[in-house]
Amino acid sequence: MTEVRPTAAASASLWERDEELDVIRRAVDALCADRSSSGTLLVLRGEAGLGKTALLAETRRIAEERGCTVWSARGGETLGSVPFNVVRQLLQPALVSMLPEEARDYLGDWFDIAGPALGIADPGERQADPQGVCDGLVAAVRRLSRRDWPLVLLIDDAHWADQETLRWLAAFAERLPDLSVLVVVARRPGGVTGERARHLDAIAAAAARSVTTLSALTPDGVAGLTRATVGPHADGPFCREVWAVTAGNPYDTVELLAKVLDSELEPTENSAGELRALNRSARGGGLVARLEGLGIDATRFAWAAAILGTGITVDLVAQLTTMSHEQAERCAGLLENARILTAPDPAGAQVSDDDLEFVHPLIATAVYNSIPDALRRAMHGIAARIVTDRGLGAAAASRHLLQVHPDDDAELVDQLRDAAREHLAVGAPDAARQCLERALQEPPRPEVHAHVHYELGCATLLTAPAKTVDHLQTALAMPGLDGPERVDAVFRLSQALLHNDQLEQAVRTVEAEAARHEEGPARMRLRAVQYMWEGIYAGESATPGRSRRLAELAGTCAGRDNSERALLILRGFDAMTHGENAEEVVEVCDRALVNGRLAPGLGWTDTEWGVELLMMLGSSYAYTDRLDRAENLFAEALRTYTSAGWSGGHLALAHAFLGLAFRRQGRLKDAEQTLRESLRLAERVGRGLPLYWSATCGLVDTLLARGHVEEAWSIAERYGFAPPYPSTIVLPDTRSVRGRLLLAVGRTEEGVNELEAAEKAAAARGGHNPVLAPWTVDLARALAVQDPARAARLAADARRQAERFGTDTAIGEALRCAAALETGQRQVRLTAQAVAYLEASPCQYEHAAARVEHGLAARSTAELNRGLTLARSCGADGLARQAEDALAALAGR
């Protein structure tokens, strides 16, 4: 037990906290010992009043004694809707010490991404990517932590922190092993749901064993605290009653003992019966009665302070309550004397002499809840007007606007819509959603009602596709949404349906809207979107004769505008996936470019068409042996998304498709690295989405090419690379890659079944590209022994399809397949022909494989050495081992 200390009453919450303080001291010592030491995360969990705040204050004292820089922040019960509120508080000491030019130089590329969220830079014109902003904040704190080492971050009341801060903190906690920072987080258990709860769980998981659950004081601890506060003459029965009344809660114990001193109650058994009445006046209804006892002006002042929640000043409260400055100062003094308000700790944040805060969050909550409902809503409305009049913007006022009673107020709807736009611009879609949902409660005027639903659908597109579908369908069913905005709403609705795995409904939605329009740009765009979604459908074509009609429509297009260019890209992709002539595919795709580049309005961050269209363009080049063009396109996507701070699904897709280009080139090590990064990013977005399948399938395919079969199987098992497959096309073909994987691990029957399923899917779609979906050659090889006749037919089909497609890679791979079914001189001739074609191909892995196979067939040391050199340069370890073994066997003959 902690012994009596000279300042026992002031540090009551530290009684019986020796174990926790030892952990904190050790963490501070470890931080200060070595600049390269790993970061530490401590989580203090406990109910209200158990001393979390006191432990954080003691952490500050210990850290500052050791020469640490300490930044602190605190969540607020009424501030959870204010995005980035807590992380802004946390970084205030660093931000206020920098001039704007210094901050820009220091944060570099991250300034424009994280700066708007931190309030030190104006937002850009585009909606910010929430994941990109989160990554920017992580990078910003990473850089600042290196400058201000040893750095300690303290976050109190994290259960009330805004969702954006918790998202940042969860991401930052993952990176702590690489940073020399101590982070201490205090929170109450439970009471949080949804995304905020998920982030808090992730933070606790990152802390692992460093999560401490605080307990109440023991009877002995309360007795020691009681005697330290009211005098050593307090007898045993009195002390036990203090413990029974407060249940050992340190905050309640301190407040009760303060009442004992104020009332001059003798701390003896005879007066112990009065403790319960005294305790009731310390919190809850008793606190409210005590507040009312200070007078109506003091009560109004406390109410206004509770409405503000943070940034409480005498001047601001006076403005909110229409008091004179003198009246407000007098009320502040009364509330400070009554231990309801206090001056903030100057060490905790940048404060002025006029600043105030509640003594404890429990008091703030009790005061806020005591305000009559109608009056509370009205005061929030006044507070919103004050914030707006001060020029702080609609977003700053929105937390008050959310609390105003709905009253058919058109101006309030406009303010909330403005606030939502501001929130989206800094990467806070959840805050935008709350504003727009509140606007619907007002309700909006009929002429803008559909627009609010539309804006709400756009705000939730990246985070909640199902809700997006509901809002956009509602918007489209209402009058008022016309012209280009309506077309855009239909496109976004179809995107949401796609991400919600309702691809067929997405197609039908666009088709129905197109039928409502006369010939012109709008109809052209809608028809192009319809063909786009049909083009990535993994089952049968959504409508009979689609490819023919698309070819006819694209034949009239010269690339005069982006609708025509989109149709040309879609036609090229459709022809590529069906294995039509590759030269014609490339010619059609080239017509969609302007001087060899993407047209204005059709770039990677332009939202009119979506990223899927450009991925189709790059894929068409990748599978028609124009790998330099594919790599350039996907590398441009990576650069564009990185510089724009889009580090969610878009960046994951860019990595996946750049990895695809590397895999096609035979740069297997680069492909593996890029695809692993894609999978890491995709994990953050969520499993089951098409981008997740692209990353997983590409990585498994690459590992198989490298000869890392066990690792490929491990990835497949870990990330669920197995049926059921998504409804969209995945590149490379999922069934072909899964079938090859099963064959590689010896599950031959399952592998054959998977490849036969790929065969049926291709037949249903009306043909396939033998390079994009190489099930034909894999199935032929698998059936070579058990069904040689069928294997021969498959090999002949592969040759026919390859010659129709016409690329060196396709023909060379078909010849490799045919050679695998032969022996003797016929095998030698076929492998030699395969080498000749693949030598002209940009696909170096396939070229290396053909060289090795020709060397084996011809028993040629020279050819095996050429194959070995190529295999090593590709990173094809399994192929290199095969060549080495063959060379060793030939050398020993």
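Treat the numbers as computed from the prediction; the structure is a model and nothing was measured. (Residues numbered from 1 in each chain as written. Predicted model: local features only at pLDDT ≥ 70, side-chain atom pairs only at ≥ 80, totals over all residues. Heavy atoms only, no water.)

K.L.:
Which residues make up the overall build of the protein chain, and what values do they have?
P.N.:
What the protein chain contains, in helices and strands, is 44 helices and eight strands. The principal-axis extents of the C-alpha atoms in the protein chain amount to approximately 110 × 75 × 50 Å. Taking all 893 residues of the protein chain together, the buried fraction comes to 57%. A sequence separation of at least 24 residues applies to 67% of the contacts in the protein chain between residues at least 6 apart. In the structure as shown, the protein chain presents an accessible area of about 36200 Å², 49% of it carried by carbon and sulfur atoms. (Helix = DSSP H or I, 4+ residues; strand = E, 2+ residues; numbered from the N terminus. Buried < 20%, exposed > 50% of the residue type's maximum accessible area, 1.4 Å probe, protein only. Contact = heavy atoms within 4.5 Å. Areas by Shrake-Rupley, 256 points an atom, 1.4 Å probe, with all protein chains shown as cover.)

K.L.:
Tell me what's going on with the sheet that holds strand S6 (residues 312–313), and back it up with residues and numbers.
P.N.:
Pairing is antiparallel in the open sheet, where three strands are placed in the order S6-S8-S7. The outermost strands of the open sheet, each flanked by one partner alone, are S6 and strand S7 (341–342). The sheet strands contacting helix H14 (residues 296–308) are S6, S7 and strand S8 (355–358), and the helix crosses S8 at an angle near 90°. (Pairing = 2+ DSSP bridges. Axes fitted to C-alpha atoms, helices over the stretch in contact; angles between N-to-C directions.)

K.L.:
So, the packing of H14 against helix H16 (residues 325–337): which residues are in play, and what are the values?
P.N.:
As a packed pair, H14 and H16 sit with axes 9 Å apart at the nearest point and diverge in direction by 85°. Put simply, H14 runs roughly perpendicular to H16. Across the interface between the two elements, Asp297, Ala298, Phe301 and Ala302 of H14 pack against Gln327, Ala328, Arg330, Cys331, Ala332, Leu334 and Leu335 of H16. Here the residues of the contact of H14 with H16 sort into eight nonpolar, one polar and two charged. (Parallel < 35°, antiparallel > 145°, perpendicular 65-115°, else oblique. Nonpolar A, V, L, I, M, F, W, Y, C, P; charged D, E, K, R; others polar.)

K.L.:
Before we move on, can you summarise helix H2 (residues 52–65) with the specific residues and values?
P.N.:
For H2, with 14 residues, the first-to-last C-alpha span of 20 Å sits near the 20 Å given by 1.5 Å per residue. Close packing links the buried residues of H2 with helix H1 (18–33), strand S1 (40–45), strand S2 (69–74), strand S3 (151–156) and strand S4 (181–187). In the segment just after H2, Gly67 is the residue with positive phi, at about 85°. (Expected span 1.5 Å × (residues − 1).)

K.L.:
Give a detailed account of the side chain of Thr321, specifying residues and quantitative values.
P.N.:
Position of Thr321 among the secondary structure elements: in helix H15 (residues 314–321). A relative accessible area of 6% places Thr321 in the buried class. Setting aside chain neighbours within four positions, we find Thr321 in contact with Arg300 and Ala304.

K.L.:
Mind laying out the pattern of salt bridges, listing which residues take part and the relevant values?
P.N.:
Side chains that differ in charge, positive against negative, can pair when their charged atoms come close. Summed over all chains, the structure comprises 65 salt bridges. Between Asp488 and Arg492 there is a salt bridge, with its nearest N and O atoms 2.8 Å apart. Of this pair, Asp488 and Arg492 are both found in helix H24 (residues 483–499), four residues apart, which corresponds to roughly one turn of the helix. Taking relative accessible area as the criterion, Asp488 reaches 12% and is therefore assigned buried. Residue class for Arg492 comes out buried when judged on its relative accessible area of 16%. Salt bridges here are not isolated pairs; linked through shared partners, they connect Glu534, Arg546, Arg571, Asp574 and Glu580. (Salt bridge = Lys/Arg side-chain N within 4 Å of Asp/Glu carboxyl O.)

K.L.:
Tell me about helix H42 (residues 844–858), and please be specific about residues and values.
P.N.:
With 15 residues, H42 ought to run about 21 Å at 1.5 Å a step, and its terminal C-alpha atoms sit 21 Å apart, in line with that. Those residues of H42 that sit buried are Tyr845, Glu846, His847, Ala848, Ala849, Ala850, Arg851, Val852, His854 and Gly855. Remark: Arg859 follows H42 within two positions and exhibits a positive phi of approximately 50°.

K.L.:
Describe the nonpolar core, naming the residues involved and giving the relevant values.
P.N.:
Counting 140 residues, the largest nonpolar core has Trp533, Trp604 and Val700 as its most contacted members. Beyond its immediate sequence surroundings of up to four residues, Val700 is in contact with Ala712, Ile715, Ala716, Phe721, Val737 and Leu741. Core analysis: the next-biggest nonpolar cluster, separate from the first, contains 52 residues, Val87, Val133, Val141 and Ile203 among them. (Core = buried A, V, L, I, M, F, W, Y, C linked by side-chain atoms within 4.5 Å.)

K.L.:
Give me the lowdown on a negative patch on the surface, citing residues and values where you can.
P.N.:
Together, Asp407, Asp408, Asp409, Glu411 and Asp414 make up a region of like negative charge exposed at the surface. Considering the arrangement of structural elements, one finds Asp407 in the loop between helix H19 (394–401) and helix H20 (410–425). (Patch = residues over 30% accessible without salt bridge, like charges linked within 9 Å, V, L, I, M, F, W, Y side chains within 5 Å. Lys, Arg positive; Asp, Glu negative; His and termini not counted. Charge placed at Lys NZ, Arg CZ, Asp CG, Glu CD.)

K.L.:
Which residues make up unusual backbone geometry, and what are the values?
P.N.:
The peptide bond linking Trp149 to Pro150 adopts the cis configuration, its omega dihedral lying at -5°. Along the chain, Pro150 falls in the loop between helix H6 (130–147) and S3. If you check the backbone angles, Arg339 has positive phi at about 60° while not being a glycine. One can find Arg339 in the loop between H16 and S7. We classify Arg339 as partly exposed; its relative accessible area is 35%.

K.L.:
Got a sec to walk through the sheet that holds strand S5 (residues 211–213)? Specific residues and values, please.
P.N.:
Spatially, five strands are ordered S2-S3-S4-S1-S5 in an open sheet, and the strand pairing comes out parallel. Looking at the sheet topology across the chains shown, the edges are occupied by S2 and S5. Averaged over all adjacent pairs, the angle separating strand axes in this sheet is 15°, with direction ignored. In terms of strand pairing, S1 meets S5 through three bridges, oriented parallel. Note on S5: the bridge partner recorded for Val43 is Val211.

K.L.:
Give me the environment of Gln673: which residues, what numbers.
P.N.:
Tracing the chain through its elements places Gln673 in helix H33 (residues 668–685). For Gln673, a relative accessible area of 59% corresponds to the exposed category. As a C-alpha pair, Gln673 and Gly659 span 14 residues in sequence and 8.0 Å in three-dimensional space.

K.L.:
Can you tell me about the confidence of the model for the protein chain, naming the residues and giving the values?
P.N.:
Per-residue confidence for the protein chain gives a mean pLDDT of 89, with 96% of residues at or over 70. Taking the mean pLDDT of every element in the protein chain, the minimum, 73, falls on helix H13 (residues 284–292) and the maximum, 97, on H42. (pLDDT = per-residue confidence, 0-100.)

K.L.:
Account for the environment of Gln415, with residues named and values stated.
P.N.:
Tracing the backbone shows Gln415 in helix H20. Measuring from C-alpha to C-alpha, the distance between Gln415 and Asp201 comes to 34 Å, with 214 residues separating the pair along the chain. With residues up to four places along the chain from it excluded, the contact list for Gln415 reads Thr388, Ala394 and Leu401.

K.L.:
Can you tell me about the packing of aromatic side chains, naming the residues and giving the values?
P.N.:
The full count for this structure, using the stated rule, is eight aromatic pairs. Relative to Phe172, the ring of Trp168 has its centre 5.3 Å away and its plane inclined at 25°; by these criteria the two rings are stacked. Within this pair, Trp168 and its partner Phe172 are both found in helix H7 (residues 163–175), separated by four residues, close to a single helical turn. When sorted by exposure, Trp168 lands in the same class as Phe172, which is buried. Ring geometry for Phe634 versus Phe657: centroids 5.4 Å apart, planes at 50°, classification tilted. (Phe/Tyr/Trp six-rings, centres within 6.5 Å; stacked < 30°, edge-to-face > 60°.)

K.L.:
If you had to explain the side chain of Thr776 to someone new, which residues and values would you point to?
P.N.:
The topology assignment puts Thr776 in helix H38 (residues 775–782). Given the relative accessible area of 2%, Thr776 is considered buried. Within the structure, Thr776 has its side chain in polar contact with the side chain of His768 (distance 3.4 Å). (Polar contact = N/O pair within 3.5 Å; in protein donor to acceptor, adjacent residues only side chain to side chain.)

K.L.:
Go over the environment of Arg826 with me, naming the residues and quoting the values.
P.N.:
Summarising the element assignment, Arg826 is placed in helix H41 (residues 824–839). Assessed through its relative accessible area of 43%, Arg826 is described here as partly exposed. Distance from Arg826 to Ala857, taken between C-alpha atoms, is 9.5 Å for residues 31 residues apart in sequence.

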